[in-house]
Amino acid sequence: MDQRSPSEAMVIDDPVYGKIYLPQDVAAIVATPHFERLKKIKQLGFLYLDDVKEHTHNRYYHCIGTYHAAGLMLDALEKNTSWLSDNNNTIPPLFRQAVQIAGLVHDIGHGPFSHSWEAVADHYEHEKVGLPCVDEIFACIDEKLFPELRANNNYGICLIKALITGKMKKLHKLGFKLSSKFMFIFGIICNKRNKLDVDKWDYLKRDKFYLKHLCNPTMDFDDIFLKAKVSDCGEYIEYRYNDFGKIHSLFAARWNNHRYCYQLPRNLMRDKILKLIVDEIKPKINGHLLKDIDAKNSMTAFLELTDENILSLVEQHPLSIFLKYDAKFEEVKESSWQVENWLFQTTIDIPSVTSYIQYDSFDFYGDADWQPCDV
């Protein structure tokens, strides 16, 4: 991104990274109502955090953190990849901008309570919903901003949308191509090849900050991304052999967070209760059923699709009391006489680490005779 002095930038006091300086063009995106809406979408849905943490553990800060992490990884790839010296040791500004902006807006389409909404609104895909937001953001900010992205019939904007989905074929469908020398950029934001990307880097780092009681304080995955380099062919990213253990630990940490945080039974129950309420009372925003709202069919209604507004719309339903943090849930054994009075059952479904991580999709460099590192 453009290097600007702090006086020319928007300053974000991020609880994880400290001060993040955003150039004025990036600050223009952050100031749009589409991005501001993310302040009203909790990162972890119905998981309870204390009042102080509630104000910052949201999609807004995660997206800014992912933007920042993408910049750190791009810098590292430039530093660690020798053939980039033929290009003055820099990734072309167009690709650098596209990657960082994709990181900034990758979750712009999330529904209320983040992933919980995907359990409420059938077939809701936040990446797909976010694509019209990207178009509207660039339409409403000053047209003089991001000339590199707007050039060549908005090639860079189309690249951003492809990077969000992680699908290069989306770029091809729009009639654009990407040189094989820079295909590695599809391994940074949404890595479909091996699922190792800066989105996970940020949210695991961020969750470690907020959920200290669940996370091993010694776990640090920075070297995975900061020691990576681009393959000689440019098509993918290579990681150090001696970071193999940390890569496994990263996916194990993700599993651990799912088991003891993201998929706590009481959180899954609230997802089901919210779905039942929405199905029963069919609330609307601007005449649109909640479950039918996305950024494509009604941007105005979509911008009102926030945690607080949803709770307000369903608060008259008697089951809404179970959506409150002080609601108590009790596990009932199947043999109990109370089984017939069960309101809901829930199942924890988490793929094992070994099934989720496909080791043959990773590429490594360095000394193959590595010794296991401390994680």
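Residues numbered from 1 in each chain as written. Predicted model: local features only at pLDDT ≥ 70, side-chain atom pairs only at ≥ 80, totals over all residues. Heavy atoms only, no water.

- Looking up the protein chain in an unreviewed UniProt entry gives the name HD/PDEase domain-containing protein, with the organism given as Stomoxys calcitrans.
- Taken from UniProt, the Sequence similarities (unreviewed entry) comment for the protein chain reads in full: "Belongs to the SAMHD1 family." (UniProt positions renumbered as here; feature names shortened; annotations may be inferred.)

## Brief notes about the pattern of salt bridges
Then comes step 1: What the rule picks out here adds up to 19 salt bridges.
Then comes step 2: Its salt-bridge partner being Asp363, residue Arg193 comes within 2.4 Å of it at the nearest N-O pair. Taken together, the residues span a long stretch of sequence, with Arg193 in the loop between helix H9 (168–173) and helix H10 (198–210) and Asp363 in the loop between helix H16 (353–356) and strand S7 (364–365) at a distance of 170 residues.
Then comes step 3: Overall, Arg193 belongs to the partly exposed group, its relative accessible area being 41%.
Then comes step 4: Asp279 is the partner of Lys291 in a salt bridge, and the nearest nitrogen-oxygen pair spans 2.7 Å. Here Asp279 lies in helix H13 (residues 265–281) and Lys291 lies in the loop between strand S6 (288–289) and helix H14 (299–303), a separation of 12 residues in the sequence.
Then comes step 5: For Asp279, a relative accessible area of 30% translates into the label partly exposed. (Salt bridge = Lys/Arg side-chain N within 4 Å of Asp/Glu carboxyl O. Helix = DSSP H or I, 4+ residues; strand = E, 2+ residues; numbered from the N terminus. Buried < 20%, exposed > 50% of the residue type's maximum accessible area, 1.4 Å probe, protein only.)

## A few points about the sheet that holds strand S3 (residues 229–230)
Sheet strands associate in pairs through backbone hydrogen bonding, adopting either a parallel or an antiparallel arrangement.
Then comes step 1: Here three strands make up an open sheet; going across it, the order is S3-S4-S7 and the pairing mixed. In the strand order of this sheet, the two ends are held by S3 and S7, each with one partner.
Then comes step 2: Sheet analysis places strand S4 (residues 237–240) next to S7, joined by two bridges and oriented parallel. From the neighbouring strand, Tyr239 faces S7, where its bridge partner is Phe364. (Pairing = 2+ DSSP bridges.)

## Notes on the pairing of strand S2 (residues 18–22)
Each regular strand carries side chains that alternate between the two faces of the sheet.
Then comes step 1: Bridge analysis of strand S1 (residues 10–14) against S2 gives five bridges, and the strand direction is antiparallel. Note on S2: the bridge partner recorded for Val11 is Tyr21.
Then comes step 2: Hairpin connection of S1 to S2: three residues between the antiparallel strands.

## Re the side chain of Arg37
Then comes step 1: By secondary structure assignment, the location of Arg37 is in the loop between helix H2 (33–36) and helix H3 (51–54).
Then comes step 2: Although buried, Arg37 forms no salt bridge, and the nearest oppositely charged side chain, Asp307, lies 7.1 Å from it.
Then comes step 3: Polar side-chain contacts of Arg37 include one of 2.8 Å to the backbone oxygen of Leu305.
Then comes step 4: Excluding anything up to four places from it in sequence, Arg37 contacts Ile108, His110, Gly111, Pro112, Phe302, Leu303, Leu305 and Thr306. (Lys, Arg positive; Asp, Glu negative; His and termini not counted. Polar contact = N/O pair within 3.5 Å; in protein donor to acceptor, adjacent residues only side chain to side chain. Contact = heavy atoms within 4.5 Å.)

## Comments concerning the layout of surface pockets
Then comes step 1: Volume-wise, the largest pocket comes out at about 1100 Å³.
Then comes step 2: The wall of the largest pocket is formed by 42 residues, among which His115, Glu118, Tyr203, Arg254 and His258 lie closest to the centre.
Then comes step 3: Those elements that place two or more of their residues in the lining of the largest pocket are helix H4 (59–80), helix H6 (116–120), helix H7 (126–140), H10, helix H12 (244–262) and H13.
Then comes step 4: The greatest single-element share of the lining of the largest pocket, amounting to five residues, is contributed by H13. (1 Å grid on protein atoms, 1.4 Å probe; cavity = no way out; pocket = protein on both sides within 12 Å on 5 of 7 lines; lining within 4 Å. Points joined across faces, edges and corners; volume = space filled by probe spheres on them.)

## Topic: the packing of H13 against helix H15 (residues 307–314)
Then comes step 1: Between H13 and H15, whose axes approach to 11 Å, the crossing angle comes to 60 degrees. With respect to H15, the element H13 is oriented oblique. Between H13 and H15 lies a crossing of left-handed hand. Where H13 approaches H15, its residues Leu274, Ile277, Val278 and Ile281 are matched on the opposing element by Ile310, Leu313 and Val314.
Then comes step 2: For the contact of H13 with H15, the residue count by class is seven nonpolar, no polar and no charged. (Axes fitted to C-alpha atoms, helices over the stretch in contact; angles between N-to-C directions. Parallel < 35°, antiparallel > 145°, perpendicular 65-115°, else oblique. Left-handed = near helix turned anticlockwise from the far one by under 90°. Nonpolar A, V, L, I, M, F, W, Y, C, P; charged D, E, K, R; others polar.)

## Quick word on unusual backbone geometry
Then comes step 1: A positive phi is found at His123, a non-glycine position, where the angle reads about 60 degrees.
Then comes step 2: Considering the arrangement of structural elements, one finds His123 in the loop between H6 and H7.
Then comes step 3: In this structure His123 comes out as exposed when scored by relative accessible area, which is 77%.
Then comes step 4: The phi torsion at Lys282 lies on the positive side, around 50 degrees, for a residue other than glycine.
Then comes step 5: For Lys282, the position within the fold is in the loop between H13 and strand S5 (284–285).

## Side note on H4
The α-helix winds at 3.6 residues per turn, so residues separated by three or four positions along the chain end up facing the same way.
Then comes step 1: Compared with an ideal rise of 1.5 Å per residue, which puts 22 residues at 32 Å, H4 spans 31 Å between its outermost C-alpha atoms and is within 8% of the ideal.
Then comes step 2: The opening residue of H4, the one whose side-chain oxygen lies 3.2 Å from the backbone nitrogen of Tyr60, is Asn58. (Expected span 1.5 Å × (residues − 1).)

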